[in-house]
Amino acid sequence: MSQFFVILSLLFCIALGQFDISLNIETTNPLALNFTITNALNTPQTFLQWGTPFEGVWTDMFDIRDENGNRMEYIGMMVRRGEVPIPEEYKTLPAGESLTVMVNLEDNYEFVSAGKYSARVALPDYAQIQFSAASSQIVDFQMDTIPAKKEFPGPLAWTNCNSNEISQGNSAVSGATSEAQRAYNCLNQGCDTQYARWFGTYSTANHNYVTLCYRNVHTRLSGSTFNGYCNPSGCGSNVYGYVYPTDTTYTVYLCGLFWSRSNERVNTIVHEMSHFRTLSGTQDYAYGQTACLNLARSNPGQATRNADNICYFSAAV
């Protein structure tokens, strides 16, 4: 069965320069999308890779829809980053040169039927690449076969971990369990100051969302064996951990920052557990306390659904 895709060309304006960017799908591998960036200027240009395919697919960055307008569910990694970018997370492209990275759509989006689809770039809010949303930037393609559904391993408990990591991990899980319960109790009893600080202007819908989030996270952590995977190959050097949001084993993959920053371990467990779709389905709109406090003031709807706001609120109460 053949699948046909067309080439999409976009112009992006990146914080420190302007790049030509093109997307195309390989005809020999129908779900392999090539993301190419070209420095069209006569001087080197530098950009932050956060939220772009050049760091890996660590968040939902494409809007893929079927012919009825239904958006395909993102099933790839959701990563908790360090609060501040580090030098190796920037990339410099010399004048006139191009850089290409391949994104495997099958690994990161769940396609549910054959038929016509459209795709466009939809980078996360924290990405420092700006672009216009012209209709010409949408690519249409035909899918004649359905990819196999992404499978996850069975329950793992602690995997690839030494005894010290298991001890530190168990302490963090215990702390996260207690914090989720305290946050739930606080929201039911009234904690207006902290709610306003981390979630912004009150609304019943937003209050109900975060209350249910903490209840579900607590129930999962207190009632089931925690599945933690230590130091997987997918870790970046400025990453606490990550999950796959549709993973029914609820495995949390723990990376270098989790071990080196003991004061963020509990926050990381709360953050990552909140990402699971069946528990809460939070997103990553902002990282770090300063950005989260600003988000609460500017966009309460996003703040209540931002995983870092969720973990900072539970730590505060």
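Right above here is the structure, for reference.
Quick summary incoming for the structure in this document. (Residues numbered from 1 in each chain as written. Predicted model: local features only at pLDDT ≥ 70, side-chain atom pairs only at ≥ 80, totals over all residues. Heavy atoms only, no water.)

**What about the environment of leucine 31?**
Its location among the elements puts leucine 31 in the loop between strand S3 (17–25) and strand S4 (32–39). Residue leucine 31 is classed as buried on the basis of its relative accessible area, which comes to 7%. When the C-alpha atoms of leucine 31 and asparagine 104 are compared, they prove to be 5.9 Å apart, with 73 residues separating the residues in sequence. (Helix = DSSP H or I, 4+ residues; strand = E, 2+ residues; numbered from the N terminus. Buried < 20%, exposed > 50% of the residue type's maximum accessible area, 1.4 Å probe, protein only.)

**Notes on the packing of helix H3 (residues 192–199) against helix H9 (residues 307–316)**
Here H3 crosses H9 at 155°, and the two axes come no closer than 10 Å. If you check the angle between H3 and H9, you find them roughly antiparallel. Read as a crossing pair, H3 and H9 show a hand that is right-handed. Facing Gln194, Tyr195, Trp198 and Phe199 of H3, the residues of H9 in contact are Asn309, Ile310, Tyr312, Phe313 and Ala316. (Axes fitted to C-alpha atoms, helices over the stretch in contact; angles between N-to-C directions. Parallel < 35°, antiparallel > 145°, perpendicular 65-115°, else oblique. Left-handed = near helix turned anticlockwise from the far one by under 90°. Contact = heavy atoms within 4.5 Å.)

**Digging into unusual backbone geometry**
The phi dihedral of asparagine 231 falls on the positive side, at around 50°, and the residue is not glycine. For asparagine 231, the location among the structural elements is in the loop between strand S16 (227–230) and strand S17 (239–243). Residue class for asparagine 231 comes out partly exposed when judged on its relative accessible area of 35%. Phi angles above zero are rare outside glycine, and tyrosine 250 is one such case at about 55°. By relative accessible area, tyrosine 250 is classed as buried at 14%.

**Considerations on the state of the cysteines**
One pass over the structure, following the stated rule, counts 3 disulfides. Disulfide pairing places cysteine 186 opposite cysteine 191 at an S-S distance of 2.2 Å. Assigned by exposure class, cysteine 186 and cysteine 191 land together as buried. Cysteine 235 shares a disulfide with cysteine 255; S-S distance 2.0 Å. Because the sign of the S-S torsion sets the handedness, a value of about -80° for the bond joining cysteine 235 and cysteine 255 places this disulfide among the left-handed ones. With cysteine 235 in the loop between S16 and S17 and cysteine 255 in the loop between strand S18 (251–254) and helix H5 (256–260), this residue pair connects regions lying 20 residues apart in the sequence. Residue cysteine 235 is classed as partly exposed on the basis of its relative accessible area, which comes to 24%. Using a relative accessible area of 0% as the deciding quantity, one classes cysteine 255 as buried. Once the disulfide-bonded cysteines of the protein chain are ranked by sequence position, their pairing pattern turns out to be 1-4, 2-3, 5-6. Unpaired in terms of disulfides, cysteine 292 finds its nearest cysteine sulfur in cysteine 311, a separation of 7.1 Å. (Disulfide = S-S within 2.5 Å.)

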